[in-house]
Amino acid sequence: MATPESTDIERYSYDVVVIGAGGSGLRAAISARARGKKTAIISKSLFGKAHTVMAEGGAAAAMGNVNPNDNWQVHFRDTMRGGKFLNNPRMAELHAKEAPDRVWELEAWGALFDRTPDGKISQRNFGGHEYPRLAHVGDRTGLEMIRTLQQRVVALQQEDSLSLDDPDAMIRVFAETTITRLLKDASGRISGAFGYIRDTGRFVLFEAPTVILATGGIGRTFKVTSNSWEYSGDGHALALLAGASLLNMEFVQFHPTGMVWPLSVAGLLVTESVRGDGGVLRNSEGKRFMFDYVPEVFRAQYAETEDEADRWYTDPDHNRRPPELLPRDEVARSINSEIKAGRGSPHGGVFLDVSTRLPAEEILRKLPSMHHQFLELAGVDITKEPMEIGPTCHYVMGGVEVDPDTAASSVPGLFAVGEVSGGMHGSNRLGGNSLSDLLVFGKRAGDGAADYLDSLGSSRPAVSSADLDAAVAEALAPFSRSEGENPYTVHHELQQTMNDLVGLIRRESEVKAALGELEKFKERAARVAVPGERAYNPGWHYSLDLRNMLLVAECVAMAALERQESRGGHTREDYPEMSPEWRKVNLILTLTGDKLELTHKPLPEMRPDLLGLFDKGELKKYMTEEELAGLPGPQAPASSATAAAEEGH
Amino acid sequence: MGYEASLRVWRGDAGSGSLVDYKVEVNEGEVVLDVLHRLQATQASDLAIRWNCKAGKCGSCSMEINGMPRLGCMTRMSTFAQEDVLTITPMQTFPVIRDLVTDVSFNYAKARTIPSFSPDPAIKPGEFRMQQEDVNRSQEFRKCIECYLCQNTCHVIRDHTENEGAFSGPRFLMRVAELEMHPADEADRRNIAQDDFGLGYCNITKCCTEVCPEHIKITDNALIPMKERVAGRKYDPLVWLGSKISRRPEKAGTPAVPGKR
């Protein structure tokens, strides 16, 4: 066990270091190992506990198993619409094209998805997806995915045990290990990663020319969140500190349906599958209020009456979707408006009801985790009564700016994948597009890192001892202060501030106030002190995580202040409209010294063949006159559902 | 609504430790993990607790509450009387790292010994066809969140650490059953279930099933059917005769146990 003063460092050498052992990290590691690279997986928790286990609904992939009209073009269109056309179009394209192969691959590794009557992988409806598209296992799809990838890693280790006589020879998991700094060589290339091992508190150095960030999101910065303690923005902060840029950090997804009561579980996720499978939202007057909130850009695709909406579940080709299945940003804002108008439920949410919509046995079969969760934590039987729900901080669309094909950041040797990367989901992510994102870009990141390694030849970037000393000193600092503030208090107050001032609905004055508060938090965080030893000391871990949470909080606030429009996961009360001019802008954040800088950068343009997938009438709702004038000639129909209806299906 | 609960929490490390008394505020609707977090935030910042999702989905916060193996995040304070003293200790079967955190590496080592999913290599990804009724059983086992409460509870290792080498425990015997019942898996793990993973040690007292927070019927649906399959193979006269006259090794479909020398 390490004493508070010990500066001993365990040293390892790897080709690829993957930080994060969720879906994207494991998929990246598997592909790096397949390319013959010696790979370390760094997991903040135990192996198999990563945040991916909390994903419920499914993985979106246009396999067309349930509705044969589905294909990658339809999926691409849905993704761009969901992101309000601010997505990186190349990422959305790769994602839509490759998701089916990545899902099928999981099945070949032992995953057991729910089945269609003809024995294929079943697919369910979800918000913003035109067809049933989500491969799923009840409402525990994330667990199935993480377990499958975990077991795939074990299978590879068993092969290495047989051929190399060491299961850890080519791929090794470092559980309960946290990275606090990335290291670079003199020319600015990645040379390693430094951190601590939780159970002993010992420091550890991984010398490696490539690092893949797969650290997930930032939800722990907010008070009401569906995210676990791990989501402290580590990868976002490590990337900034290493010189990489973040993009569009103002876009934070508030999932419309989190638990609101009991308070101790406020924010806990209630899967969108509840609505995909027939659940409806009602206010205190019993009204299905979502019909009042269908925005202009989506009006053509959503039902106008309860009758039409209800018919859609059995006859989707001739009816439009229920408005409960609008993209998440729309539903979250609508719920917020109902609560503000005084039509909320007793504990400050609205009602989500599946009990009057499906027979009890079907609810138990399709939504077993939700039934379990509400019964055990709130004493509510969802087969008999409605749930009370409200918006909860769930996902950050912003993240490390990456090359779409390789997941490479602007720092040589540094890659980012999954929630920590930005661009794929634009201003709002569709449900189901996260699990598929992890798989598609996880594989690409592993391959990208392998290609980069091959290009290096025999040169290995070196770790500078001065940087290493600085990393050690930074990690030890909380122990050197005998009198100081408790890190838990600073964290709780930071969460409250972000929730109150940079939450679902934003105003200039409040965001400015938040930036002022953040300066004070930074001063307080620099003074926190922790008692005890280094071995498994959560107070110490918290005090180190604070640096990351404060950095990402400032990024979110700065970008939220800058973007003067409302789009997806960024709603400005003082700029309520979506602006075609702002659609062309990516907001880029970089760190120089200890100062964050924000710049504008043009959004990458959509290729003509991808633009051709939309009709001009739809693009008009998003683009400037100038952009529209430059569009090529005749356009394809907007929706293949319309096309199918015209063909008499 | 709120009250002060009396807690006795085990504090210490591999060397030594003892129960320490605390008084902690409790609010309506809270679970044991909430109260431990409040203790951490207000009185004992270095209290070691392993947790992650706080939603009963990751299986990290396994502990013993008044001697019962449970998840801290799924145990509501309202299941105890306000005047009860709650004794909270780490899982007994595994070595303590610090406070409520134990070294569960035993389980990860066992996971590596089970031969992995082995489908017909001729079936390409996307070509698998399986009926829902054929995947139901293995899906039940795949609900497992690997909290290891069943491993902690099973008396075969809880009371007899000398069995740790020969016995994989309910979680991994269930993993064997899951693969045996997987419609696309082709390997035959029946003999090694008995010989290498210690299925015979299980005397079906169902303690594992009782503590499973996912309510998986480990004994009835995984362990007993596995025992029946093993017995069927062992005492089938044709299998016996085949093993005597064939020049090929007896267990043609039985994979090698990884890591076994």
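Just so we're clear, the structure is a prediction, and the values are computed from it rather than from any experiment.

Chemist: Just give me the short version of the overall build of chain A, but keep the residues and values in it.
Modeler: Counting secondary structure elements, chain A contains 20 helices and 22 strands. The C-alpha atoms of chain A give 24 Å as radius of gyration, which agrees with the globular expectation for 649 residues (26 Å, within 12%). In terms of principal-axis extent, the alpha carbons of chain A reach across some 70 × 55 × 55 Å. Looking at the 649 residues of chain A, the share that counts as buried comes to 60%. Of all intrachain contacts in chain A linking residues separated by at least 6 positions in sequence, the fraction that spans at least 24 positions is 73%.

Chemist: Go over the confidence of the model for chain A with me, naming the residues and quoting the values.
Modeler: Of all residues in chain A, 97% attain a pLDDT of 70 or more, and the chain-wide mean is 94. In the model, residues 635-649 of chain A has pLDDT below 50 throughout and makes 25 contacts with residues more than four positions away in sequence or in other chains.

Chemist: For the confidence of the model for chain B, give the residues involved together with the corresponding values.
Modeler: All names here are of chain B. Of the residues in chain B, 95% reach a pLDDT of 70 or more, and the chain-wide mean stands at 93. Low pLDDT, under 50, characterises residues 248-252; the stretch is placed with 2 contacts to residues that sit more than four places away or in other chains. Reported confidence for the predicted complex is 0.94 by ipTM and 0.95 by pTM.

Chemist: Run through the sheet that holds strand β22 (residues 595-602) of chain A, naming residues and quoting values.
Modeler: Residue and element names in this part refer to chain A. Here 4 strands make up an open sheet; going across it, the order is β17-β12-β21-β22 and the pairing antiparallel. Each edge of the open sheet carries a strand with a single partner, namely β17 (399-400) and β22. Pairing of strand β12 (residues 246-247) with strand β21 (residues 585-592), which is carried by 2 bridges, proceeds in the antiparallel orientation. What sits directly across from Leu247, in β21, is Ile588. Along the sheet face, helix α15 (residues 538-562) touches β12, β21 and β22 and points at about 45 degrees away from the line of β22.

Chemist: Pulling in residues and values, what's your account of unusual backbone geometry?
Modeler: Residue and element names in this part refer to chain A. Here Trp261 and Pro262 are connected by a cis peptide whose omega angle stands at -5 degrees. Its place among the elements puts Pro262 in the loop between β13 (252-259) and α6 (273-276). Although it is not a glycine, Asn248 adopts a positive phi angle of roughly 50 degrees. Among the structural elements, Asn248 can be located in the loop between β12 and β13. Classification of Asn248 by C-beta neighbours within 10 Å gives buried; the count is 30. For Tyr536, which is not a glycine, the phi torsion comes out positive at approximately 40 degrees. Within the fold, Tyr536 resides in the loop between α14 (508-525) and α15.

Chemist: Run through the domain arrangement of chain A, naming residues and quoting values.
Modeler: Residue and element names in this part refer to chain A. Taken domain by domain, chain A consists of domain 1 (254-393), domain 2 (481-602) and domain 3 (610-646). For domain 1 versus domain 2, the distance between C-alpha centres works out to 30 Å. Opposite the 6 residues of domain 1 that make contact, domain 2 presents 5 residues. With 4 residues, helix α8 (residues 328-340) is the single largest residue contributor to the side of domain 1 that touches domain 2.

Chemist: Residue-level account of the interface of chain A and chain B, with values.
Modeler: Contacts between chain A and chain B engage 53 residues on the former and 49 residues on the latter. Among the elements of the structure, α3 (89-108), α4 (141-164), α10 (368-378) and α15 of chain A are those that each provide at least two residues to the side of chain A that touches chain B. The greatest single-element share of the side of chain A that touches chain B, amounting to 10 residues, is contributed by α4(A). For the side of chain A that touches chain B, the residue count by class is 25 nonpolar, 15 polar and 13 charged.

Chemist: Which residues make up helix α2 (residues 72-82) of chain A, and what values go with them?
Modeler: Burial analysis of α2(A) places 9 of its 11 residues in the buried class, which makes it a mostly covered element. Looking only at α2(A), the buried set comprises A:Val74, A:His75, A:Phe76, A:Arg77, A:Asp78, A:Thr79, A:Met80, A:Arg81 and A:Gly82.

Chemist: Outline the sheet that holds strand β2 (residues 16-19) of chain A, listing residues and values.
Modeler: All names here are of chain A. The 5 strands lie next to each other as β7-β3-β2-β11-β18, forming an open sheet whose pairing is parallel. What marks the edges here is a single partner per strand, and that holds for β7 (171-174) and β18 (414-416). Pairwise comparison of adjacent strand axes, ignoring direction, gives a mean angle of 20 degrees for this sheet. Across 4 bridges, the pairing between strand β3 (residues 39-42) and β7 is parallel.

Chemist: Please set out the packing of α2(A) against α3(A) residue by residue, giving values where relevant.
Modeler: Residues and elements named next belong to chain A. In the contact formed by α2 and α3, the axes pass within 8 Å of each other and the chain directions differ by 140 degrees. Accordingly, the angle class assigned to the pair α2 and α3 is oblique. Once α2 is placed against α3, the crossing between them reads as right-handed. The segment α2 lies against α3, with Trp72, His75, Phe76, Thr79 and Met80 engaging Pro89, Ala92, Glu93, His95, Ala96 and Lys97. When its residues are assigned to classes, the contact of α2 with α3 shows 6 nonpolar, 3 polar and 2 charged.

Chemist: How would you explain the packing of helix α6 (residues 170-181) of chain B against helix α9 (residues 218-234) of chain B if you had to name every residue and give the values?
Modeler: Residues and elements named next belong to chain B. Two elements in contact, α6 and α9, have axes whose closest approach is 9 Å; the angle formed by their N-to-C orientations is 65 degrees. For the element pair α6 / α9, the angle class is roughly perpendicular. α6 and α9 meet at a crossing whose hand is left-handed. Every residue of α9 that contacts α6 at Pro170, Leu173, Met174, Val176, Ala177 and Glu180 is listed here: Ile218, Ala222, Leu223, Pro225, Met226 and Arg229.

Chemist: So what's going on with the environment of A:His492? Which residues, and what values?
Modeler: Counting through the fold element by element, A:His492 comes out in helix α13 (residues 487-501). With 13 C-beta atoms packed within 10 Å, A:His492 lands in the partly exposed category.

Chemist: Go over the environment of A:Ser191 with me, naming the residues and quoting the values.
Modeler: Residues and elements named next belong to chain A. Secondary-structure assignment places Ser191 in strand β9 (residues 190-197). On the basis of neighbour counts, which here come to 24 C-beta atoms within 10 Å, the residue Ser191 falls in the buried class. Residues Ser191 and Pro209 lie 18 residues apart in sequence; the distance between their C-alpha atoms is 4.8 Å. Dropping the residues within four chain positions of it, Ser191 is found in contact with Leu183, Lys184, Asp185, Glu207, Pro209, Pro461, Ala462 and Val463.

Chemist: Run through the domain arrangement of chain B, naming residues and quoting values.
Modeler: Residue and element names in this part refer to chain B. On domain assignment, one finds that chain B holds domain 1 (3-101) and domain 2 (105-245). Spacing between the C-alpha centres of domain 1 and domain 2 amounts to 31 Å. At the junction of the two partners, domain 1 supplies 12 residues and domain 2 supplies 13 residues. Of the residues assigned to the side of domain 1 that touches domain 2, the class counts are 6 nonpolar, 5 polar and 1 charged.

Quick notes on the rules
Residues numbered from 1 in each chain as written. Chains lettered and ligands numbered in written order. Predicted model: local features only at pLDDT ≥ 70, side-chain atom pairs only at ≥ 80, totals over all residues. Helix = DSSP H or I, 4+ residues; strand = E, 2+ residues; numbered from the N terminus. Rg over C-alpha atoms; globule rule 2.2 N^0.38 Å. Buried ≥ 20, exposed ≤ 12 C-beta atoms within 10 Å, placed from the backbone. Contact = placed C-beta atoms within 7 Å. pLDDT = per-residue confidence, 0-100. Pairing = 2+ DSSP bridges. Axes fitted to C-alpha atoms, helices over the stretch in contact; angles between N-to-C directions. Domains from an automatic or database assignment. Nonpolar A, V, L, I, M, F, W, Y, C, P; charged D, E, K, R; others polar. Parallel < 35°, antiparallel > 145°, perpendicular 65-115°, else oblique. Left-handed = near helix turned anticlockwise from the far one by under 90°.

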